[in-house]
Amino acid sequence: MPTKDRGVWAVLLLVTAWCRFAQCWKNYQGQWPCKPELKDDVYPENLEEVKELVKQNRYVKGVGSGHSWDSYIGCAGTTSEAVNIVMTEFEKGDRHVDLDLDDMSIKVPASMMTRDLLRYLDEQRSDQYPRGLSLRSYPWWIDQTLCGAVATGTHGSSMHEDGGSLSSQVRCLGMVLADGEYKKFCEDTHPEEMQALRVSAGRLGIIAHCFMKVIPSVDVEVFREGLSESEIVNTVKNMQEVYVAVGEEELALKYPDVQMFWFPQTNHGYKWTYEPASEQRQYTLGRGLDTYNFSDPENVQLPELEQDSLFDQEQGRSNGTANGISFRRDPVSYVDIKELAEESQATGRQPSGTGQRFPLVVTQSASWWAQQIERLILRWYPTGTFAYKDAFLQNPRFGTEYTLYDQYEFSIPVSRAGLCFEGLVSFVKENGLGEGFRTPVLIRLVKAEDDILLSNTNGEPHVYINMNDDVSYNLEGNAVNNRFISAANYLRSSTCQGRLHWGKTKATLDRDTNGFSEYPQTWCRFGQMVSKLDPMGKFEGHAGHGSPHNYWTWDNCRRFGFLGRNNSEPVNCSDIPPPGSSYTCAEQLGWGKCESDWMLEGNYCASTCGRC
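The structure displayed is predicted, hence computed values, not measured ones. (Residues numbered from 1 in each chain as written. Predicted model: local features only at pLDDT ≥ 70, side-chain atom pairs only at ≥ 80, totals over all residues. Heavy atoms only, no water.)

S.K.: Mind showing me how you'd approach the environment of His-96 here?
M.R.: Structurally, His-96 is set in the loop between β2 (82–86) and β3 (98–100). Sequence separation between His-96 and Lys-107 is eleven residues; the distance between their C-alpha atoms is 8.2 Å. In this view, His-96 contacts Glu-91, Lys-107 and Pro-109; residues no more than four positions away in its chain are not counted. One polar contact links His-96 to Arg-95, side chain to side chain, over a distance of 3.3 Å. (Helix = DSSP H or I, 4+ residues; strand = E, 2+ residues; numbered from the N terminus. Contact = heavy atoms within 4.5 Å. Polar contact = N/O pair within 3.5 Å; in protein donor to acceptor, adjacent residues only side chain to side chain.)

Have a look at this one:
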């Protein structure tokens, strides 16, 4: 064996052995682990190691910081032939970041967290960019490896033309493909491939580098408004009405980046809107929790409350007790949460994974928790002037340490979002489902991403409804939180037609569906790219080989003639109008007939309907 090869193999042996001496990769909070039959996880540090690992293993999956609620999408497979390639140590550190101001883009290694990228960009201050740089839009969850967030279509709330999800802000992707070779794909040189690669859930290769578009940062003025439940419903209904009446451009002007919280437990919520600050001002203290030194929690100073919570205003109270637990007008602090968690653990229930079981979640009522969290939210997300990286809602880092939960997110076509959300609110109230919630529902709006085949917003803008099941893991025996699941299933009904986020809980609600049913107009085009880049299924993961629930199936694509028998070659793409019809394919598309069974069975209007 040549000396160079021996050196590579020695490094690979050390990388493979790493898992034996360190905490191995698990999916979110350890509750969605991969099958134990898999090989030990590997932690490559450079591109050559990644390439060799892909070449030498039958099934692989590139994974990141583990913030996902689904082993089907997040794991390499179910057998000893599969290995997770964990990219958290890959080219680690700012020295591997490459900022190109001429192109206004930045090369980001797969190990970099979104929070760290926002920090790095903010620090690039100069005479030309006095407030530094930023991403146009960033998500609620920023403690996640950025490239993994790109692969799953992770998003904030943005209708801006240069915003949308993180995936839409990608200029190029550096991929390790099934043959173990590295290739850079860009929107101007590989437009067809980029339509599939921007959201691929790891199915087409391992992302080593993300080349992200950046913008000059500005200070942002943040406005917050308390809303009744009916006002939240009317806001979502107005989004639908504006889009249906005058289209996406006017919708973007009215709701460029609005975000809302809805408390199903107490029937009200809050809305945040944003404007560029008219002048440079002193920043408001305490945005994004980055200013708090949680390594010294006893001395954490949270900003003062600007106002009573809506709940406290409604109840006319400032202090009191509920079920023997005191609550205050002043919200619970980090120390309070920590003490409550430790007190809860003293009951004898053991931690599980990286989070902990928290019986207090169950023993205290939904409305009690809503009160506490509402008071925290008023402090965490105040009004004021903030740096761009701190302005928009983002998840506090410490919150996941003390209680286990699963997160679900549904994207609803804006053309039906108002009726869907109004129906959801009524359904929750009529059936007493509010007790299934402990934290508020986050509502956001994202532009249409028709140039991304598996984007949740392919087809039209979507309203995202994000909600947490905080109860199930804290019940004896992990019993099902039926109230919560009933509400979740409503969002999957024909009324809402909600798509599930690629990085959130899918398996619980999605056992009987597959990609073709979720993305009927674009799934087979994605399958054609799979046949081109991964014909042997190296990256199909747990949801593919060896799984009773094969999400990555192309049977319907072959049945309707969109793919050849062995996925080897896509069929010719053409427009054949339905026989006996005088209407054009464009008219059929405009009437929403592309997904009708009679259109699919004959593969009519395949090109216009975007099936090839």
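S.K.: Explain the packing of helix α14 (residues 414–430) against helix α15 (residues 482–491) to me, please; I cannot follow it from the model alone.
M.R.: Packed helices, taken two at a time, are described by the angle between their axes plus the distance between the axes. It is the contact of α14 with α15, at a shortest axis distance of 10 Å, that shows an interaxial angle of 160°. Taken together, the axes of α14 and α15 are roughly antiparallel relative to one another. Considering the relative orientation of α14 and α15, their crossing is right-handed. Of the residues in α15, those in contact with Cys-420, Gly-423, Leu-424, Phe-427 and Val-428 of α14 are Ser-486, Ala-487, Tyr-490 and Leu-491. When the residues that make up the contact of α14 with α15 are grouped by side-chain class, the tally is seven nonpolar, two polar and no charged. (Axes fitted to C-alpha atoms, helices over the stretch in contact; angles between N-to-C directions. Parallel < 35°, antiparallel > 145°, perpendicular 65-115°, else oblique. Left-handed = near helix turned anticlockwise from the far one by under 90°. Nonpolar A, V, L, I, M, F, W, Y, C, P; charged D, E, K, R; others polar.)

S.K.: Looking at this model, I keep getting lost on the sheet that holds strand β11 (residues 259–263). Mind explaining?
M.R.: Strand pairing in a sheet relies on backbone hydrogen bonds, with the paired strands running either antiparallel or parallel. Strand order across the open sheet formed by eight strands is β15-β10-β12-β11-β17-β18-β16-β19, with antiparallel pairing between neighbours. Sheet topology places β15 (384–386) and β19 (499–500) at the edges, where each strand pairs with a single neighbour. Two strands pair when backbone bridges link them, and β11 and strand β17 (residues 441–446) are joined in this way by four bridges, in the antiparallel orientation. Note that in β17 the partner of Met-260 across the bridge is Ile-443. (Pairing = 2+ DSSP bridges.)

S.K.: Explanation requested: the state of the cysteines in the structure shown.
M.R.: Defined simply, a disulfide is a covalent bond joining two cysteines at their sulfur atoms. Applying the stated criterion across every chain yields a total of six disulfides. A disulfide bridge connects Cys-34 with Cys-75, and the sulfur atoms are separated by 2.0 Å. Across the disulfide from Cys-34 to Cys-75, rotation about the S-S bond amounts to roughly -90°, and the bridge is consequently left-handed. In this pair, Cys-34 sits in the loop between α1 (3–21) and α2 (47–56) while Cys-75 sits in the loop between α3 (71–74) and β2, placing the two residues 41 residues apart along the sequence. You'll find Cys-34 and Cys-75 in the same group, each marked buried. Between the sulfur atoms of Cys-524 and its disulfide mate Cys-557 the distance is 2.1 Å. On the sign convention where negative is left-handed, the bridge of Cys-524 and Cys-557, at about -90° about the S-S bond, is left-handed. Within this pair, whereas Cys-524 is found in helix α17 (residues 523–533), its partner Cys-557 is found in helix α18 (residues 555–559), the two being separated by 33 residues in sequence. With respect to class, Cys-524 is no different from Cys-557; both count as buried. (Disulfide = S-S within 2.5 Å. Buried < 20%, exposed > 50% of the residue type's maximum accessible area, 1.4 Å probe, protein only.)

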